[in-house]
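Observations on the model geometry
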Amino acid sequence: MNLIREKIQLSADVYQMVVEAPLVARERKAGQFIILQLDSSFAERIPLTIADADETAGTITLIFQAVGGTTRKLALKKPGESIENLLGPLGQPTHVQNFGRVVCVGGGIGVAPLHPIAQALKKAGNHVTIVLGARNKDLVILEKQMRALADELILCTDDGSAGRKDLVTVPLKELCQGPDKPDLVVAIGPPIMMKFCAETTRPFAVPTVCSLNSIMVDGTGMCGGCRVTVGGQMRFVCVDGPEFDAHLVDFDNMMLRSKAFRAKEQADHECFIQEYGVSQ
Amino acid sequence: MSVLPSLLHDEAVKLWAELEGKPLSPKDRLGIPMQEMPAQDPLERARNMGEVALGYSAEQAQIEASRCLQCKTAPCVSGCPVSIDIPRFLGFAARGQFQDALGVIREASLLPAICGRVCPQESQCQAPCTLGKSLKNPLKAVAIGRVERYVADACSDQLPPPAVKPDTGKKVAVIGSGPASIAAAADLRQQGHAVTMFEAFHKPGGVLVYGIPEFRLPKRIVDREIETLRQIGVDIQTNFLVGRTRKLKDLLDKDGFDAVFVGTGAGLPKFMKIEGENLVGVFSANEYLTRCNLMKAYDDQRASTPIYRSKRVAVLGGGNVAMDAARSALRLGAEEVSIVYRRSLEEMPARQEEVHHALEEGVRFLTLKNAQKILGDDQGRVRAVETLSYELGEKDASGRRSPIALPGSEALLEVDTVIVAIGNDSNPLLRQTTPELEVNKNGNFVVDEEGLTSLPKVWAGGDIVLGAATVILAMGQGRKAAAAIHRFLSEV
Ligand SMILES: Cc1cc2nc3c(=O)[nH]c(=O)nc-3n(C[C@H](O)[C@H](O)[C@H](O)COP(=O)(O)OP(=O)(O)OC[C@H]3O[C@@H](n4cnc5c(N)ncnc54)[C@H](O)[C@@H]3O)c2cc1C
Ligand SMILES: Cc1cc2nc3c(=O)[nH]c(=O)nc-3n(C[C@H](O)[C@H](O)[C@H](O)COP(=O)(O)OP(=O)(O)OC[C@H]3O[C@@H](n4cnc5c(N)ncnc54)[C@H](O)[C@@H]3O)c2cc1C
Ligand code: SF4
Ligand code: SF4
Ligand code: FES
């Protein structure tokens, strides 16, 4: 049982929760995630990145977008209620060192997992440029926190309602072409965004890391459901990742695989709307 | 063949009325008909999750036990990996003293209700049975496992939880909660040590709860064993992945554990390494079975974990895992399920009973065929499997005839789902996070004859040592290691 201490709504469907998980808070490092399950009998297990942790308070912070059955049910939980099962920290921690100049690109909810990584990279002495992307102004999350830690922040929206009216790949390309070519790019967001970030940096041979969000069940390397092709080899995101060399990832296959259960997800979503009388 | 359960019961009542109390010569015993296992109707059960084999009645158990010749040398005992005193327990069972029979079994095995159901008896205790030899048919040996199951089902609830010795002040960590760990935890706790069991999943039981399906091993039976552990005071910590939630070394160095038993199993699915294995609709058996069993995806009204609703399924492999996956697919509503296996039916490593049950339920067996390639449609979904045919050549090192490919025999099997069930390697997480642990080339822990690893104070047993093996072997190793740990703790 993991008690929910706080809940804040960050945007229309993005929530931040502080949850008691002392063992996870003690061991976790940037880049790692947890798997949670709302109840042991019939609920599914879903992965969420550890956005932050407080070892002394024994809590971790989760930031999630209510996109389907489970995340919507989670969003309805109130402080004082609990999450029945929570396993972590999972995955390999981010490789943090002083690379020099680092560009962190975050799209949509990907900004949440990006935050602890940018924080760690900054702490290691890197010059950190952050590129944030969202569809519109209301969907931008964590701008303040990111601004506080970045040496430079570039905000982009698809419709121009905040910052530049550009896709994140446009400023990314400018940075690669500029005099201070980055030593490392970290891109986290929708698979399609990560794919195009990889294509943008490839001609400049800038090492690029992405964090994959494939479908998971156990998160311990037992089921193989999270497998992706990286450099022609089968890798498991939950134990070998979630971060990989973006230039080697087969994004097209990954995107197909993440739609494997669309029909059931859609049905659950409709159930949810009937049960709780809310819709998007 | 499946006979109506009520008919089997009636016949057994009649037969037992004739046999009861009579002195039986060996010849009489040879003449007693082997008791069939009552089972659900094949077509009905292929669409439900209820247990397939329904279990003997008391009379059937007594009749079957009466077939035992009570051989002086008891060759059956040497076939049982934990050396249950089989003639003695069968003797009690034949006299209807089922509690005493269970007592005999419990001297050697902690999980009779489970082993009676899932042991490959035909290659273990029943293989050397004199009765089967006399009848010139190993399948007519005394059905030891079925009687074992009966006495366990009939009497386990009447048994009080085992007595626990006074606290020793020593702490043992048991990692994993499969049969190896259950056995180790039970034995260590009974010796008075404080035992904490760490399990990564949200439910304890290991493969018994996430792999072996409900229709073969009902969850309530595993739950009962876990409940017994709780009753005797084993602290079970679920959602705890040793290596990540806490390093193994930290359990010893920082958390005050005096010894560790590792029973983490063989949980790394093997793939075929053929083209198309990452298409949508290709699952490892582990994933498919976990979704179906542990996550209860078969109950799609209530469960939120999705599973594929397949029409035509190919299962690659021929072991227990393949049978379980194929039969689960049927129960999830597939119209056609085919097992694709490289060798012949006789060579299948699966339990015989499961192969028979699968055949009865309508699973197709495409033997002497192997998948070469998986083909997809323009959406990246599975469309077909390309198979190649084989013939059997000379016997190889394992004593099985090795398959030889027949060039030009490629054929297409149209399916929308492929389940890869060709086995498991050991999960690499613990060895990656504990580099001091010595492993062999398959990643299995190297241990001495008592289960001690290359790391002091750390023992291991079950599939993590043996590679994918059996429940009874895992349990036996758990007990052996527990005995060694207890000796070690008594000395320090
Ligand atoms: C390592 C990792 C870290 C993640 N971190 C975050 C995070 O910090 N914040 C956040 O909002 N989201 C994160 N995600 C994605 C999050 O897990 C999914 O949004 C969530 O599972 C959706 O579940 P649902 O039932 O609400 O929606 P559904 O309607 O069931 O699914 C919506 C989409 O989410 C994906 N998804 C569904 N089930 C799973 C599953 N069991 N595992 C993984 N993906 C699934 C599928 O692509 C699906 O199309 C992360 C995913 C991974 C793999
Ligand atoms: C589908 C299937 C069918 C089978 N059918 C039969 C059969 O009919 N008869 C038979 O005798 N055998 C059968 N087997 C084999 C048998 O189940 C195994 O040999 C046996 O379960 C091994 O027991 P174990 O205790 O070593 O490990 P497992 O049962 O594998 O349990 C290991 C447990 O450890 C947990 N774990 C792993 N790593 C960690 C970690 N780092 N921290 C915490 N927990 C961890 C896992 O989550 C798991 O719960 C079958 C196996 C499968 C998969
Ligand atoms: S434990 Fe298994 S091998 Fe041993 S007697 Fe029982 S069924 Fe046979
Ligand atoms: S070998 Fe067969 S007949 Fe002989 S004691 Fe064992 S079970 Fe009985
Ligand atoms: S989620 Fe099962 S292996 Fe990664």
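Residues numbered from 1 in each chain as written. Chains lettered and ligands numbered in written order. Predicted model: local features only at pLDDT ≥ 70, side-chain atom pairs only at ≥ 80, totals over all residues. Heavy atoms only, no water.

Remarks on the pattern of salt bridges
All names here are of chain A. Worth spelling out the cut-off: One side-chain nitrogen of Lys or Arg within 4 Å of one carboxyl oxygen of Asp or Glu is enough to make a salt bridge. In this text, helices come from DSSP runs of H or I with a minimum length of four residues, and strands from runs of E with a minimum of two, each type numbered from the N-terminal end. The rule is simple: take the accessible area with a 1.4 Å probe, protein chains only, and divide by the maximum for that residue type; under 20% is buried, over 50% is exposed, in between is partly exposed.
As enumerated under the stated definition, the model contains 46 salt bridges over all chains in all. A salt bridge links Arg 101 to Asp 180; its shortest N-O distance comes to 3.8 Å. With Arg 101 in strand E8 (residues 101–107) and Asp 180 in the loop between helix H5 (169–177) and strand E12 (184–188), this residue pair connects regions lying 79 residues apart in the sequence. Looking at Arg 101, the relative accessible area reads 28%, which means it is partly exposed.

Quick notes on the interface of chain A and chain B
What counts here: The criterion used for residue contact is that any of the two residues' heavy atoms lie within 4.5 Å. Buried area is a sum: the accessible area each of two parts loses on coming together, probed at 1.4 Å, counted once for each and added.
In this assembly, 43 residues from chain A lie in contact with 42 residues from chain B. Across the chain A to chain B interface the summed buried area is about 3,700 Å²; carbon plus sulfur atoms make up 54%. Applying the counting criterion to the chain A and chain B interface returns 1 salt bridge. When the shortest N-O distance is used, the salt bridge between Glu27(A) and Arg246(B) registers 2.7 Å.

Overview of the confidence of the model for chain B
The cut-off we apply is this: pLDDT measures how confident the predictor is about each residue, on a scale from 0 to 100.
When the pLDDT values of chain B are averaged, the result is 94; 99% of them are 70 or greater. Both scores are given for the predicted complex: the pTM is 0.94, the ipTM 0.93.

Let's talk about the sheet that holds E12(A)
Residues and elements named next belong to chain A. This is how it is decided: Two strands make a pair as long as DSSP finds a minimum of two bridges between them. Axes, fitted as lines to C-alpha atoms, cover a helix only where it is in contact. Angles between the N-to-C directions of the axes lie from 0 to 180 degrees.
Spatial strand order, E11-E10-E9-E8-E12-E13-E16: 7 strands in an open sheet with mixed pairing. The open sheet has two free edges, formed respectively by strand E11 (164–165) and strand E16 (243–245), since each of these has just one partner strand. Packing against the sheet, helix H3 (residues 111–123) makes contact with E8, strand E9 (127–134), E12 and E16, and its axis sits at approximately 165 degrees to E8. Along the sheet, helix H6 (residues 191–201) contacts E8, E12 and strand E13 (208–211); its crossing angle with E12, the most-contacted strand, is approximately 160 degrees.

Focus: the site of ligand 2
Residues and elements named next belong to chain B. What counts is decided by this rule: The cutoff for a nearby residue is simple: one of its non-hydrogen atoms must lie within 4 Å of the molecule or strand. We call two N or O atoms a polar contact when they sit within 3.5 Å, provided that within protein one can donate a hydrogen and the other can accept it, with sequence-adjacent residues counted only if both atoms are side-chain atoms. With residues, only the protein chains shown are counted as cover, and all accessible areas are computed by Shrake-Rupley using a 1.4 Å probe. Basically, the charged four are Asp, Glu, Lys and Arg, the nonpolar ten are Ala, Val, Leu, Ile, Met, Phe, Trp, Tyr, Cys and Pro, and anything else, Gly included, counts as polar. Each domain's limits were defined by an automated method or a database of domain assignments.
As a structural note, the neighbourhood of ligand 2 is formed by 33 residues, with Val 118, Glu 199, Arg 216, Val 242 and Asp 463 the closest of them. Contacts to ligand 2 include Ala 469, whose backbone N or O atom sits 3.2 Å from an oxygen atom. With respect to ligand 2, the backbone of Thr 470 contributes an N or O atom lying 3.4 Å from an oxygen atom. Coverage of ligand 2 by the protein chains reaches 95% of its 1,000 Å² of free accessible surface. At 3 residues, helix H16 (residues 320–331) tops the list of elements feeding residues into the shell around ligand 2. Of the residues contributing to the shell around ligand 2, the split by class is 17 nonpolar, 11 polar and 5 charged. Three or more residues apiece are contributed to the shell around ligand 2 by two domains, here domain 2 (171–267 + 426–491) and domain 3 (269–423).

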